[in-house]
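# Geometric and topological summary
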2 protein chains.
Amino acid sequence: MQLIKGDIVYSSQDARLIERKDSYLGFENGKITGIYDSLPEGEHEVLDRTGCLVIPGLSDLHLHAPQYQYAGIYMDEELLEWLEKHTFPEESKYKDIGYAEKAYGMFVDDLAKSETTRFAVFGTIHRKSTLLLMKKLSASGLKGFVGKVNMDRNSPEYLIEKTDDSIDETKAWLDEAASIDGVGPIITPRFIPSCSNELLERLGVLATERGLPVQSHLDENPSEVEWVKSLCPWSRSYSDAYDRFSLFGTTPTIMAHSVWPDDDEIALMGKRKVFVAHSPSSNANLSSGIAPVRRFLDNGIPVGLATDVAGGSTLSMFRMMTSAIEQSKLRWRYVDSSLRPLTFAEAFHLATRMGGSFFGKVGAFEPGFEADILVIDPSMLHTTLYGDLSPAERLEAYCYRKPGEGLMDKFVAGRRIF
Amino acid sequence: MQLIKGDIVYSSQDARLIERKDSYLGFENGKITGIYDSLPEGEHEVLDRTGCLVIPGLSDLHLHAPQYQYAGIYMDEELLEWLEKHTFPEESKYKDIGYAEKAYGMFVDDLAKSETTRFAVFGTIHRKSTLLLMKKLSASGLKGFVGKVNMDRNSPEYLIEKTDDSIDETKAWLDEAASIDGVGPIITPRFIPSCSNELLERLGVLATERGLPVQSHLDENPSEVEWVKSLCPWSRSYSDAYDRFSLFGTTPTIMAHSVWPDDDEIALMGKRKVFVAHSPSSNANLSSGIAPVRRFLDNGIPVGLATDVAGGSTLSMFRMMTSAIEQSKLRWRYVDSSLRPLTFAEAFHLATRMGGSFFGKVGAFEPGFEADILVIDPSMLHTTLYGDLSPAERLEAYCYRKPGEGLMDKFVAGRRIF
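Below: a short report on this structure. (Residues numbered from 1 in each chain as written. Chains lettered and ligands numbered in written order. Predicted model: local features only at pLDDT ≥ 70, side-chain atom pairs only at ≥ 80, totals over all residues. Heavy atoms only, no water.)

## Let's talk about the pairing of strand 11 (residues 214-218) of chain A
Residue and element names in this part refer to chain A. For clarity, the threshold we go by: Here the term buried applies to any residue with accessible area under 20% of the maximum for its type, exposed to any over 50%, and partly exposed to those in between, with areas from a 1.4 Å probe on protein chains only. Secondary structure elements are defined from DSSP: runs of H or I of at least 4 residues count as helices, runs of E of at least 2 residues count as strands, and each element is numbered from the N terminus. Here, strands pair whenever DSSP counts at least two bridges between them.
For strand 11, the tally of buried residues reaches 5 of 5 residues, placing the bulk of the element in the interior. Both faces of strand 11 are covered, namely the face carrying Val214, Ser216 and Leu218 and the face carrying Gln215 and His217. With 5 bridges joining them, strand 11 and strand 12 (residues 253-257) adopt parallel strand pairing. Opposite Gln215, over in strand 12, you have Ile254 as the bridge partner.

## Brief notes about the interface of chain A and chain B
What counts is decided by this rule: Contacts are assigned to residue pairs with any non-hydrogen atoms lying within 4.5 Å of each other. Here the quantity called buried area is the accessible surface, traced with a 1.4 Å probe, that two parts lose on coming together, added over both. One speaks of a salt bridge when a side-chain nitrogen belonging to Lys or Arg is within 4 Å of a carboxyl oxygen belonging to Asp or Glu. Each polar contact in these results corresponds to two N or O atoms within 3.5 Å; when the atoms are within protein, one needs to be able to donate a hydrogen and the other to accept it, and residues that are neighboring in sequence are counted only if both atoms are side-chain atoms. Residues are grouped as follows: Ala, Val, Leu, Ile, Met, Phe, Trp, Tyr, Cys and Pro are nonpolar; Asp, Glu, Lys and Arg are charged; all remaining types, including Gly, are polar.
Counting residues at the interface gives 54 residues for chain A, matched by 54 residues for chain B. Taking both partners together, chain A and chain B bury about 4700 Å²; carbon and sulfur atoms supply 53% of that area. For chain A, the biggest contributors to the area lost against chain B are Tyr334, Thr384 and Arg401 of chain A; these three give 14% of the whole. At the junction of chain A and chain B, the tally comes to 0 salt bridges. Summed over the shared surface of chain A and chain B, the number is 34 residue pairs in polar contact (both at pLDDT 80 or more). Among the secondary structure elements, those contributing two or more residues to the side of chain A that touches chain B are helix 2 (97-113), helix 9 (280-285), helix 11 (317-334) and helix 13 (391-401) of chain A. No other element matches the 9 residues that helix 11 of chain A contributes to the side of chain A that touches chain B. When its residues are assigned to classes, the side of chain A that touches chain B shows 25 nonpolar, 15 polar and 14 charged.

## Let's talk about the pattern of salt bridges
Counted under the stated rule, the structure contains 56 salt bridges over all chains. Where Lys229 of chain B meets Glu226 of chain B, a salt bridge forms, and the shortest distance between an N and an O atom there is 3.6 Å. Of the two residues, Lys229 of chain B and Glu226 of chain B are both situated in helix 6 (residues 222-231); the distance of 3 residues between them amounts to about one turn of the helix. We note a salt bridge from Arg236 of chain B to Asp240 of chain B, for which the minimum N-O separation is 3.7 Å. In this structure Asp240 of chain B comes out as buried when scored by relative accessible area, which is 5%. By sharing partners, the salt bridges in this structure join Asp7, Lys21 and Arg394 of chain A into a single network.

Laid out in C-alpha cells, this is it:
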C-alpha cells in the first residue's frame, strides 16, 4: 500500500467537507483503501507531506482541446464573430497532423501540469488528429473521454463533413480508439445547429448500439436557443430535440452550459440524469448568462464544473470553483433571490465528487474510489491565522488567493503524473 | 537615463492600447522620458528584457490592510454576519502594535510582490498601527494613501471611538504622518452608518482645511442604502449625505463600490469628479451586485479598479481586470443590454491610467509620467500562435490565463521594488 501523510479534505456524498488533519491516505492497485489516523502496520511506501493539503483530483467536464491555442485572446468578441474569426479557422488547422502534433503537445503538457485529473474533451472533425490527441492524453496518465466532432451543416466549407463521411470517419475512429488505454471515445455532435437530423439520428444509433457516452452543447445563449427552435420546429425544446435522437441520457451524457433551459427541459434532464458541464468562465466571457445551478441540484440533475477552453480562458478548475460561487451570488441578486448561492463546500463537491461520478467511482477518498490525488503546499498563504485554520479553510483560502500554485504531487488512478 | 528594452504596452488617454514592440522605455529622476525605437545616443543603463512585456504599474484604489489576514476565507457568509464575526474582531487586534507589526509585515510583503504600485488603503481606528502600516509601505517603495479609520456609532464596543477622541486621534495621526515619505494620509470615515453627523462634519472640515483627500464606501448593497436613508432622512441620497459634509469631491475623493447609485448620484459624482473604486471580486463575493461602470464612464466619472481585500479575496489586480470585464458582460445580459460591456483595453485603462490619475501623472508611459513600471515574462503562455501575437494580445492572454505569474521587475517612481 502507498500512503500520503497530510491534511486530507474531500467531499461527502451530501456535499459536506470531510477533514482529516495529519492523517494517512492509503491506496493500492489504483484504488483508495482508506484514511488512517496513524501509520498502519506493515510495509508501506509513505510520502510525507505533513502540512500539505491532500485532495481528490478535479474533473473538467467540458473543454475544446484545439481551442487552447487562443485561450484568453479575442475575448472582446461575441459568440458568432468569435466562432467565425477564430474557432473555425483554428480548428481547421488540425487536418494537418504536424500542426496537431505540436499544438496538442502543448495542450496535453499544460493539462497534465494542472489540477485536472479527468476530462471530457472535444477534438475536431479530423479522425487522425483526434486519435493523436487521445494517445497523447493516454501517455500523460490523465484519464477521460475525447470526441471526434461531427458537423455536417451550417459550418464553413473548410470545416464541414458530408453526412455519410461523418459517420464512416466516426466508425473508423472508434475502431482505432479501442486500443487506447485510459482515454475512451465519446460521441460528439458539435451542437444541433451544425448537425443534420440524419446525422443526429445515426449518431444516436451508434451511441446506443455500442453503449458509448455522448457530449454536446445545450441552451448556451438565447439566440442559439431561438435558432434551434427554427431548425427543429418538431421538437418541444432543445433538450427534446437531442432526446428524440437518443442523445440525451440514453447513454451517459454531458451537456455543456445549459444556461437557458425551460422547466420541461429541467424535468427531462433530471429524469435522464444528463450531466450539466457548468462553465462559468465561458458563460461570462461570451456574455451567455449564469446557469441555474441550484435548480439543477434541486431537481436531481448531476452537475460538474468545466473550463470550456477557449470560451473559458484558463485551464484552472480551482478558478472555476470560485467563479461558480461568485456567479451564483450574482444570479441570486439579479435573477432569483429564492435560490440560495453555492457554498464553497458545494463548489468543491461539483468539481470533485459529482463531476467525477461521470467517470465511475472518482472524486472522493472512500475505499474503492479511484486514487486521483492532488497534493498542495499551501504555505504561500501568508496570514497570522494560518495555524488556526482548518484544512478546509486553508483549501478555501488557497482556491481564492493562489489557485493552481504549489501543486506538489498528482496521481490519477494511483499513477504518479508529477 | 535608464532604459528597459522590451514589448511596451500602455493606454492612451482615450483608452486605446498603445504597443511598441522591441522598443526602449526611458526614465530618469523617477519620470518617464519617452519610448525609443532604437538605443538613444549617450551613456545609459540598459535593462534588456527583449520578449518581455513592459507595462505601467497597476493602481488598487480600495483595500483594507487589516483584513488581508482572512482574505479568501469565510466567503460563504453575508455582509453583516461577515463584518460581525470576522471583520470587526480582526480589526480590533490592531490595537496591539505587536500584532500589527506581524500582520502588516505580511500584507506589505505580499503587496510589494504583486502587480500593484499605487494604493488607497484603509487601516483601522488605531493611530499607532496605522502609522506603522504607513512606514512599512513607505519602506517597501510603493506609493499611495493610507487612512486611519473613523467610526463612532453602530460599531461593536471593542471597535468604536468617542467623537472627540476620533477627531483628536486623527489630528495626532496627521501630525505624525507628515514626515512619512511616499505614503500620505487620507481622511477615512468608514461609511455613513458608522459615523455620526458630528464626526462627518468635523472630518469634512479637516479634509477641506488641510486639503486632504477622502475615501469611504458608497451604495454597496441595497439594504445598506436603505439603512443610510433611515439614518439621514435629511439627505436626498447616500452621495448627497457625504456631500453635505464636504466629503464628496470637495477634495479628491474615492468612493468604493457604488453598485446601486441613482441617477442624481451619478450626476453628482460626475460633477464632483468623485473616483469610483470598482471592486468586482468583492461585489460578487458579498452578493452586492455589479456596478454600472459604463454609466460612470459615459457620465465623466473617473473609475479605477480595486481588490477591496478582504471583501475581495485576492491582491491580484490583473484578476480584477478580467473580473470587471466578465461582470460587465453579465450586467449587459441581465440588467441593461443598451450599455455595452467593457473591453480588455478599457479594463487595462481603468487599472493603469484612469485609476492612476488619482495619484497624479501615473499609469502611462508619456514623458513626465511617474516611472511606475512592471516587466512580465509571458513565455509561460504555451501557444502555437505565440510568435504572431502582438504585445497587447500577449498581455490579454496573460491576464486571463496566468495573472500574476512571471513578474520580473517592478519600479515605482523609478525606484526598483524587485
